[in-house]
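Survey of secondary and tertiary structure
These are the residues of each chain, in order.
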Amino acid sequence: MPKSRIRKKADYTPPPSKQATAIKLNSRGWVAPVMLAMFLIGLAWIVIFYVTDGSLPVDSLGNWNIVVGFGFIAAGFGVSTQWK
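In this report, the structure presented in the accompanying data block is examined. (Residues numbered from 1 in each chain as written. Predicted model: local features only at pLDDT ≥ 70, side-chain atom pairs only at ≥ 80, totals over all residues. Heavy atoms only, no water.)

**Comments concerning the side chain of N65**
Position of N65 relative to the elements: it lies in helix α2 (residues 64-80). A distance of 2.9 Å separates the side chain of N65 from the backbone oxygen of G62, its partner in a polar contact. Those residues in contact with N65 that lie beyond four places of it in its chain are W45, F49, L56, P57 and V58. (Helix = DSSP H or I, 4+ residues; strand = E, 2+ residues; numbered from the N terminus. Polar contact = N/O pair within 3.5 Å; in protein donor to acceptor, adjacent residues only side chain to side chain. Contact = heavy atoms within 4.5 Å.)

In structure tokens, the structure reads:
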């Protein structure tokens, strides 16, 4: 009976050295703070408008201050769509 060939083991090659971790440009870490900031700015805008009886934050806008406050809140919801 013929003798089978002995397989030669592959030489060990060490894994490549790790390089510095690159910052992911598509990181979504900014979304939650910006979203919460927009919500709070909008809420504060509306509350300040009501508490100061319309003289603050911008007197010349009048009742449009409410629209600006809700605009900030809507922008917060818009930013929240980027959250993964």
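**Quick look at the environment of M35**
Positionally, M35 belongs in helix α1 (residues 31-51). Since its relative accessible area comes to 9%, M35 is described here as buried. In this structure the C-alpha to C-alpha distance between M35 and F72, which are 37 residues apart in sequence, comes to 9.5 Å. The residues touching M35, leaving out its near neighbours within four places in the chain, are G76, V79, S80 and W83. (Buried < 20%, exposed > 50% of the residue type's maximum accessible area, 1.4 Å probe, protein only.)

**Quick notes on α1**
If you check α1, its first and last C-alpha atoms are 30 Å apart, about what 21 residues at 1.5 Å a residue would give, namely 30 Å. At its buried positions, α1 is contacted by α2. Just downstream of α1 lies D53, where phi reads positive at about 60 degrees. (Expected span 1.5 Å × (residues − 1).)

**Remarks on unusual backbone geometry**
L56 connects to P57 through a cis peptide bond whose omega is -5 degrees. On the secondary structure map, P57 appears in the loop between α1 and α2. Despite not being glycine, D53 has its phi angle at roughly 60 degrees, a positive value. Overall, D53 belongs to the exposed group, its relative accessible area being 73%.

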